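Survey of secondary and tertiary structure
In case you want the letters, here they are:
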Amino acid sequence: MTSNQTDCHYCLQSLRGRKYALREENAYCVTCYDSLFANPCEECKQPIECDSKDLAYKGRHWHERCFKCSKCSRSLVEKPFAAKDELLLCTECYSDEYSSKCFHCQKTIMPGSRKMEFKGSSWHESCFVCQYCRQPLGTKPLITKDNENYCVPCFEKHFAHHCYSCKKVITSGGVTYHDQPWHKECFVCAGCKIQLSGQRFISKDEYPYCVDCFSKLYAKKCAACKKPITALGGAKFISFEERQWHGECFSCAKCSVSLVGQGFLTRQDDVLCHECGCAS
């Protein structure tokens, strides 16, 4: 501005015919205004005079000529830029130094563009799509198979097993029984309905039973200890004339020597070794 009628508010010198600047409705000559109010430039540390353009970013100020990329020195005036550790960088330099690479296309994810993150990797929003239908996955539920991502409908249609019991899709985990897939929560004892996944069980007429239910319903009882004989883990048992014994229970009723693999004699309900049988 040029004045014809006022004095500088600070030095009181006439502003008639001179340039001046206003601040809070007070007029200042250029020299006083710059010394009192001009912001120092972040780059050159010189004051940004009132007749220069003051570019500000997050409380810091630059001359227009000083507002440039810290790495390649290209002007950032009216151009997109990014800040890193107090330094200003053009988008190209920032991308080269700091930007993530898209897991799918391996191209740089430019600052300001939307980035999707999944399992420690970054993706362009346009690259983060279902491998089959190519629809954006965004924040929708998804399932990964062989490092490829699928929306739930496509995965269920093309890959998922269906539970033999409830017929619904098995999206993860599951167990196999008689070559059929089951949900873990559906694979239960045919007797008490307790879950059998990770537990010992016994099959009977195509149905699985927990050890307790099988023992109560079907297992034969040892003629000696009267406890069920399940044969779990390959345990051996002895059968003779419709009676059964645990291997460790099949012993002489008189001297208790084991009769497994040995000849023996019977007397009423007892089994005896040859020595005890002949001595009686």
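Below: a short report on this structure. (Residues numbered from 1 in each chain as written. Predicted model: local features only at pLDDT ≥ 70, side-chain atom pairs only at ≥ 80, totals over all residues. Heavy atoms only, no water.)

To continue, consider the pairing of strand 5 (residues 60–63). Side chains of strand 5 alternate between two faces, with Arg60 and Trp62 and His61 and His63 buried alike. As paired strands, strand 4 (residues 54–57) and strand 5 are joined by four bridges and run antiparallel to one another. If you follow Asp54 over to strand 5, its bridge partner there is His63. As consecutive antiparallel partners, strand 4 and strand 5 are separated by two residues, and within that stretch Lys58 has a phi angle of approximately 50 degrees, a positive value. (Buried < 20%, exposed > 50% of the residue type's maximum accessible area, 1.4 Å probe, protein only. Helix = DSSP H or I, 4+ residues; strand = E, 2+ residues; numbered from the N terminus. Pairing = 2+ DSSP bridges.)

Looking at the secondary structure, you find Asp34 in helix 1 (residues 30–37). Buried within the structure, Asp34 lacks any salt-bridge partner; Arg23 is the closest side chain of opposite charge, at an N-O distance of 10 Å. Not counting residues up to four positions away in its chain, the partners in contact with Asp34 are Glu49 and Cys50. (Lys, Arg positive; Asp, Glu negative; His and termini not counted. Salt bridge = Lys/Arg side-chain N within 4 Å of Asp/Glu carboxyl O. Contact = heavy atoms within 4.5 Å.)

Turning next to unusual backbone geometry. The backbone of Arg134 shows a phi angle near 65 degrees, a positive value even though the residue is not glycine. Tracing the backbone through its elements, the reader meets Arg134 in the loop between strand 9 (121–124) and strand 10 (142–145). Judged by its relative accessible area of 41%, Arg134 falls in the partly exposed class. One non-glycine residue, Gln268, adopts positive backbone phi at about 55 degrees.

Attention shifts here to the state of the cysteines. Within the structure shown, the criterion is met by zero disulfides. With no disulfide partner, Cys69 has as its closest neighbouring cysteine sulfur the one in Cys72, 3.6 Å distant. Residue classification places Cys69 among the buried positions, given a relative accessible area of 2%. Summary of cysteine pairing: Cys105 is not part of a disulfide, and the nearest cysteine sulfur, belonging to Cys102, is at 3.8 Å. (Disulfide = S-S within 2.5 Å.)

The next subject is the pairing of strand 3 (residues 26–29). Bridging between strand 2 (residues 18–23) and strand 3 involves four bridges; their strand directions are antiparallel. Paired with Leu22 across the two strands is Ala27, which belongs to strand 3. What sits between strand 2 and strand 3 in their antiparallel hairpin is a turn of two residues, with Glu24 showing a positive phi close to 50 degrees.

Put simply, the largest pocket is a space of about 210 Å³. Those elements giving two or more residues to the lining of the largest pocket turn out to be strand 15 (180–182) and strand 17 (207–210). Looking at the lining of the largest pocket residue by residue, the class counts come to nine nonpolar, two polar and two charged. Lining the second largest pocket are Glu42, Glu43, Arg60, Trp62, Cys66, Lys68, Cys69, Ser70, Ser73, Glu86, Leu87 and Leu88. Mapped by element, the contributors of at least two residues to the lining of the second largest pocket are strand 5 and strand 7 (87–90). Considered class by class, the residues forming the lining of the second largest pocket number five nonpolar, two polar and five charged. (1 Å grid on protein atoms, 1.4 Å probe; cavity = no way out; pocket = protein on both sides within 12 Å on 5 of 7 lines; lining within 4 Å. Points joined across faces, edges and corners; volume = space filled by probe spheres on them. Nonpolar A, V, L, I, M, F, W, Y, C, P; charged D, E, K, R; others polar.)

Looking now at the packing of aromatic side chains. Evaluation of the coordinates by the stated rule reveals 22 aromatic pairs. Relative to Phe201, the ring of Phe187 lies with its centre 5.2 Å away and its plane at 80 degrees, an arrangement referred to as edge-to-face. Linking Phe187 in the loop between strand 15 and strand 16 (201–204) with Phe201 in strand 16, this pair joins segments that are 14 residues apart in sequence. Here Phe240 and Phe264 contribute two aromatic rings whose centre-to-centre distance is 5.2 Å and whose plane-to-plane angle is 85 degrees, an arrangement assigned as edge-to-face. Here Phe264 lies in the loop between strand 21 (243–246) and strand 22 (265–267) and Phe240 lies in strand 20 (residues 237–240), a separation of 24 residues in the sequence. (Phe/Tyr/Trp six-rings, centres within 6.5 Å; stacked < 30°, edge-to-face > 60°.)

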